[in-house]
Amino acid sequence: MKKALITGINGQDGSYLAEFLLSMGYEVHGILRRNSVSENQTARLTSCYEQLNLHYGDLTDLSSLIDIAQKVQPDELYNLAAQSHVRISFDVPVQTAAVTGLGVLNVLEACKLVCPEVKIYQASSSEMFGNCIDEDGFQRETTAMLPVSPYGCAKVFAYNICRNYRNAYDMFICNGILFNHESPRRGSNFVTEKIVKGACEIKAGKEKELLLGNLEARRDWGHAKDYVKAMWMMIQDDKPDDYVCATGISHSVRDVCEIVFESLDMDYKDYVKINERYVRPEELNDLKGDSTKIREKLNWSPKYTFESMMDEMVSVKLQEYNIPTVHYDVPYDPVR
């Protein structure tokens, strides 16, 4: 039985990855950063909580990482923990750099010291590219990285220190350059879930309007379930490498509003208002990934479409308000 250690196991990606690895027969360990409201800390892990081995730790505390790595001796480590909100990184840039950047260095050091043979997956991000786009309109592994947020800058450091440790110490480390990925487990301060929640609350008569920022920003949105399988596939290969994971199709925030409100028989223009508070100091215009490498080398492909993903998010949210749900027809088989 393989042992996997997941940092950030209680996040969107961590919870789906935990379920996936358990379905593959793994012994799954996870690192939690202590939260004073412990009742909410493992809400995403309800389906598999009893099967998990959870440990308290923090990416900014090297000693805790060494202790956990020593006890677990994992075969695979998935580093998903981060201060992961781009807009909020402008409010807390130092904390973002400490966790999202230097925290990765702590993970690598802990592994180098006590379990150097472990296969490591690092959650890199499309935010590393900033507004650098190749001539064909896509971003890929070779696209220049000029980030436009503290979060993106921290991720670039993490990406490069992973490549450095891979080459300097012959460690098995893969960077997954993931584009935006969503699900019903997405945090409510991320724009897709914010739109879904806001529209459903309006439908239920609990709110009258939805405040958003830049509606023209375009992103390549996929489903977290598809992307956690890509993480696993990356470190099953014989040699470590870096991969872009994306759908190759971008949509605007306005597109999200249109499809969500339309599924609820409403016109978003009647309810969505612009609030400058939610506009980033420096905005990314259009992110669209070229995932040819992972598709051809590892035979990965997404199962969800943008439309089926949004339908699922709306359906799950409507259940909270006892409102008849929209239909979605993409069952998730964690093994495929």
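Residues numbered from 1 in each chain as written. Predicted model: local features only at pLDDT ≥ 70, side-chain atom pairs only at ≥ 80, totals over all residues. Heavy atoms only, no water.

Engineer: Account for helix H7 (residues 224–234), naming residues and giving values.
Structural biologist: The element H7 is extensively covered by neighbouring structure, given that 11 of its 11 residues are classed as buried. Looking only at H7, the buried set comprises Ala224, Lys225, Asp226, Tyr227, Val228, Lys229, Ala230, Met231, Trp232, Met233 and Met234. (Buried < 20%, exposed > 50% of the residue type's maximum accessible area, 1.4 Å probe, protein only. Helix = DSSP H or I, 4+ residues; strand = E, 2+ residues; numbered from the N terminus.)

Engineer: Can you tell me about the pairing of strand E6 (residues 172–178), naming the residues and giving the values?
Structural biologist: By the criterion of burial, E6 is predominantly enclosed, with 7 of the 7 residues buried. Side chains Phe172, Cys174, Gly176 and Leu178 of E6 all project onto a buried face; the interleaved residues Ile173, Asn175 and Ile177 project onto the opposite face, where all are buried too. Here strand E5 (residues 119–125) pairs with E6 via 7 bridges, running parallel. Across the sheet, isoleucine 120 pairs through a bridge with isoleucine 173, a residue of E6. Taken together, E5, helix H5 (residues 150–169) and E6 form a β-α-β motif whose crossover is right-handed. With 4 bridges connecting them, E6 and strand E11 (residues 242–245) associate as parallel partners. Bridge pairing in E11 places leucine 178 opposite cysteine 245. (Pairing = 2+ DSSP bridges. Right-handed = clockwise from strand over helix to strand, strands pointing away.)

Engineer: Residue-level account of empty space enclosed by the protein, with values.
Structural biologist: The tally for this structure, following the rule as stated, stands at 1 cavity of 30 Å³ or more. Within this model, the largest cavity holds a volume of roughly 50 Å³. As for the largest cavity, its lining consists of Leu5, Thr7, Ile31, Leu65, Ala69, Leu77, Val107, Ala110 and Cys111. With 3 residues, helix H4 (residues 93–114) is the largest single contributor of residues to the lining of the largest cavity. Residue composition of the lining of the largest cavity, grouped by class: 8 nonpolar, 1 polar and no charged. (1 Å grid on protein atoms, 1.4 Å probe; cavity = no way out; pocket = protein on both sides within 12 Å on 5 of 7 lines; lining within 4 Å. Points joined across faces, edges and corners; volume = space filled by probe spheres on them. Nonpolar A, V, L, I, M, F, W, Y, C, P; charged D, E, K, R; others polar.)

Engineer: Kindly report on the packing of helix H8 (residues 253–263) against helix H10 (residues 306–319), identifying the contributing residues and their values.
Structural biologist: Interaxial distance between H8 and H10 falls to 10 Å at its minimum, and their mutual angle equals 50°. In terms of orientation, H8 lies oblique with respect to H10. The element H8 and its partner H10 pack so that their crossing is right-handed. Taking contact as the criterion, the partners of Val256, Ile259, Val260 and Ser263 in H8 are, on H10, Phe306, Glu307, Met310 and Val314. In terms of residue class, the contact of H8 with H10 is built from 6 nonpolar, 1 polar and 1 charged. (Axes fitted to C-alpha atoms, helices over the stretch in contact; angles between N-to-C directions. Parallel < 35°, antiparallel > 145°, perpendicular 65-115°, else oblique. Left-handed = near helix turned anticlockwise from the far one by under 90°. Contact = heavy atoms within 4.5 Å.)

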